[in-house]
Amino acid sequence: MKAALVHQFKQPLEIQQVDKPELTQGAVIVEIAACGVCHTDLHACHGDWPVKPKLPLIPGHEGVGTVVAKADDVKHIEIGDRVGIPWLHSACGHCEHCLKGNENLCPQQLNSGYSVDGGYAQFCKADANYVVKIPEDISFVDAAPLFCAGVTTYKALKVSKAKPGEWVAIVGVGGLGHLAVQYAKAMGLNVVAVDTGDEKMQLAKSLGAEVCIDFKQQDPAQVMQEQLGGVQAVVCTAVSKAAFTTSFNSVKRGGVCVLVGLPPDEMPIPIFDTVLKGISVVGSIVGTRQDLVECLQFAAEGKVKAIIETKPLEHINDIFDDMLNSEINGRIVLTLE
Ligand code: NAD
Ligand code: ZN
Ligand code: ZN
């Protein structure tokens, strides 16, 4: 089968023929129709994070397609089912976090396109218990970005505990952020969008953001404090240390700063302001299978739709260049023929 592989960190991916994955107990084989390109894939290929991915690696954790084979012991998924393979490839199912329904926190989890091969390929093996079915009304291409960008931002907004009518800032209106704006609007929140450039400002406005701030023209935290008295919550998706300072400084007293973006930096948190203003700083990592079901339902009902450009797998290295330069509007989805 055709796949994109990374052999060495920071080297271009190679498109090559490799063996199809083999079926094992509890697994399904999915013929991939489309796979979104997440900034996490770029971090993986660069070896940016303390925990390194396997090498060689087939990246991709927004892979969607049709089940073409299943192990004998798989009863709840049928051949022909339309499914997505999220970042959470599998979890142990019996630790404290799994038992509480927080399988995204399982310390024994495996991750698609990181510790196991992912969706930048014609076929991908998945754990049948962790694939999620795609509602009929959503096309493969539209579904792909929801399997990471969608579920991650939907979950982050839940973690923020912001209520309808309150202000939330989405810092970074990229692949994740442009879906965050839409989920926030669909949840009845008022939205401040922060990014840079006319295209991203217009995109955020068209998706319903009431206030759009270009961080290269204005200090977003100052604008939010002066005009709104600070926001109740921020979801920070930007791959930038500066964006975390902006996020922290934008919340009001008692506000919640949800960290989602993963630049390879440290973030010093001011103790005095955190304590005296009762600010919560909380991390949020993807979402559970139930979060995925819920976030897909928003799309099935037409409340959320990713802005997508499709490109063939062969373009992956150019796509990564554009992503590094923040030149992508919405999400790029790879198509596999
Ligand atoms: P992306 O490249 O599509 O978007 C990032 C956006 O941030 C761009 O639009 C860029 O212009 C903007 N930006 C850069 N500096 C900024 C600043 N100072 N202020 C405001 N905006 C700024 O990336 P993506 O696919 O949306 O992923 C974003 C990050 O989220 C990555 O680090 C990725 O690894 C991480 N991520 C985390 C999770 C999770 O579960 N926590 C899940 C998926 C992705
Ligand atoms: Zn992702
Ligand atoms: Zn577990």
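A quick note: this is a predicted structure, and the numbers were derived from the prediction, not measured.

Colleague: What is the right way to look at helix H4 (residues 149–160) in this model?
Modeller: What sets the pattern is the α-helix's 3.6 residues per turn: residues three or four places apart point alike. Spanning 12 residues, H4 covers 17 Å between terminal C-alpha atoms, matching the ideal 16 Å at 1.5 Å per step. Listing the buried residues of H4 in full gives Ala149, Gly150, Val151, Thr152, Thr153, Tyr154, Lys155, Ala156, Leu157 and Ser160. Each element contacted by the buried residues of H4 is listed here: strand E10 (167–171), helix H5 (175–186), strand E13 (231–236), strand E14 (251–259), helix H10 (289–300) and strand E17 (331–335). A positive phi of about 60 degrees marks Lys161, the residue just after H4.

Colleague: Help me understand the pattern of salt bridges in this model?
Modeller: Close approach of charged atoms lets side chains of opposite charge pair. The tally for this structure, following the rule as stated, stands at 14 salt bridges. Here Asp291 makes a salt bridge to Lys158, at a shortest N to O gap of 2.9 Å. Placement of the pair is Asp291 in helix H10 and Lys158 in helix H4, with a sequence separation of 133 residues. Taken together, the shared-partner salt bridges connect Lys155, Lys158, Asp291 and Glu294 into one network.

Colleague: Is there a simple way to explain the coordination of the zinc ion (ligand 3) in this structure?
Modeller: Angles between donor atoms at a metal ideally measure 109.5 degrees for a four-coordinate tetrahedral arrangement and either 90 or 180 degrees for a six-coordinate octahedral one. Coordination of the zinc ion (ligand 3) by the protein is provided by Cys92 (SG), Cys95 (SG), Cys98 (SG) and Cys106 (SG), with metal-donor distances spanning 2.3 to 2.4 Å. In this structure, the zinc ion (ligand 3) is surrounded by four donor atoms whose angles at the metal cover 106 to 115 degrees, and the resulting shape is tetrahedral. For the zinc ion (ligand 3), the single-chain donor residues occur in sequence as C-x2-C-x2-C-x7-C. The class of Cys106 is buried, set by a relative accessible area of 2%.

Colleague: What am I meant to see in the environment of Gly174 here?
Modeller: By the secondary structure assignment, Gly174 is in the loop between E10 and H5. With relative accessibility at 19%, the residue Gly174 sits in the buried group. Linking Gly174 and Glu327, residues 153 residues apart in sequence, is a C-alpha distance of 9.2 Å. Aside from chain neighbours lying at most four places away, what touches Gly174 is Asp195, Lys200 and Gly330.

Reading the values: the criteria
Residues numbered from 1 in each chain as written. Chains lettered and ligands numbered in written order. Predicted model: local features only at pLDDT ≥ 70, side-chain atom pairs only at ≥ 80, totals over all residues. Heavy atoms only, no water. Helix = DSSP H or I, 4+ residues; strand = E, 2+ residues; numbered from the N terminus. Expected span 1.5 Å × (residues − 1). Buried < 20%, exposed > 50% of the residue type's maximum accessible area, 1.4 Å probe, protein only. Contact = heavy atoms within 4.5 Å. Salt bridge = Lys/Arg side-chain N within 4 Å of Asp/Glu carboxyl O. Donors = N, O, S within 2.8 Å, 3.2 Å for Na, K, Ca; no water. Tetrahedral: all angles 85-135°; square planar, octahedral: opposite > 155°, others 65-115°.

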